[in-house]
Amino acid sequence: MFSTKGGVGKSTATANFGTVMQLEDRKVYAMDYDPNNTLRFHYGLNQSDTNGHASLSLQGSPIKNAVTTIDNGTFVLPFGELTEDQLNQYQEKLLQDPFFLKKQIDTLGLSHDEILFIDAPSGSTIFTQQVLNAAHVSVVVMLADAASYLTLEGSLKLINKHCIGRKDYLGTMYLVNQIQRKYELNSDIFDMVQLQLENHIIAEVHQDQCVPEALARGTNVLTDAPESLATQDFIDAAQTMESFLLGPIV
Ligand SMILES: Nc1ncnc2c1ncn2[C@@H]1O[C@H](COP(=O)(O)OP(=O)(O)OP(=O)(O)O)[C@@H](O)[C@H]1O
Ligand SMILES: [Mg+2]
């Protein structure tokens, strides 16, 4: 999950796509690659638990030791809390090796029927580059607003640079989040996005207060509000990804 702009719903999408696929009996991992370390809140993990895969990588320990199994059966890999010095050291490793994250993920030894969602931090940083270099599928998360629309081209360039042409790359999907057709601007921009992304895979999720409410309860909307509009949207969006990009469960 990635976006050049922040606060668009990457972490929300990571947790909800993951839960849809977990309910379909896929083995799902959710990895936080954002040094803000906030994905754990979508899984109700303890705020005082500061461990994560980044500090293990720095120590040269296997990142599988950061895997935390949560109630719904998802395997979560929090980023963890790093000191400023540790974060600098970690970034140094990323600078030295553009495939550092890919190699770390390879150590998990995932099989073809297991799926790992990576929650990238916003912007075109060294973290995003690592995520794109490791991804088999990219989900560009955006809002139907001017800022997302204007940064869409930047996202396409990043995907072209890091993903397109790679043998193991399956494709890109665009997730337009917080759709509100009753607002003319939102509706118009969504139409413009659809025009610009003609022939691309697009999914939409409506704005729904059940989403932040679920987060406030430390869970996702599928678990917290199964009948909500956003739940149906996330199910549809995850199934779109499966139909066009992942294929059926083996
Ligand atoms: N469909 C939706 N309807 C209503 N609120 C939403 C929806 N999707 C996300 N939100 C809310 O928007 C906020 C931002 O979402 P989220 O944290 O997932 O974005 P992000 O892209 O991961 O942000 P960051 O760039 O800071 O990591 C959260 O409060 C979330 O609950
Ligand atoms: Mg986030």
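Parameters and conventions
Residues numbered from 1 in each chain as written. Chains lettered and ligands numbered in written order. Predicted model: local features only at pLDDT ≥ 70, side-chain atom pairs only at ≥ 80, totals over all residues. Pairing = 2+ DSSP bridges. Helix = DSSP H or I, 4+ residues; strand = E, 2+ residues; numbered from the N terminus. Right-handed = clockwise from strand over helix to strand, strands pointing away. Buried ≥ 20, exposed ≤ 12 C-beta atoms within 10 Å, placed from the backbone.

Engineer: Pulling in residues and values, what's your account of the pairing of strand β7 (residues 201–206)?
Structural biologist: In the sheet, strand β6 (residues 171–179) pairs with β7 via five bridges, with the strands oriented parallel. Note on β7: the bridge partner recorded for V176 is E204. Handedness of the crossover joining β6 and β7 through helix α7 (residues 184–196): right-handed.

Engineer: Explain unusual backbone geometry residue by residue, including any values.
Structural biologist: In this structure, D25 takes a positive phi of about 75 degrees despite not being glycine. In this model, N199 sits at a positive phi of 70 degrees, which is unusual for a non-glycine residue. Assignment of secondary structure puts N199 in the loop between α7 and β7. We classify N199 as exposed; it has 5 C-beta atoms within 10 Å.

Engineer: Explain the sheet that holds strand β4 (residues 114–119) to me, using residue names and the numbers behind them.
Structural biologist: Sheet architecture is open: four strands sit in the order β2-β3-β1-β4, paired in mixed fashion. Taken across any chain shown, the strands that pair with only one partner, and hence form the sheet edges, are β2 (68–69) and β4. In this structure, strand β1 (residues 27–32) lies alongside β4, joined through six bridges in parallel fashion. Along β4, the bridge assignment pairs K27 with E114.

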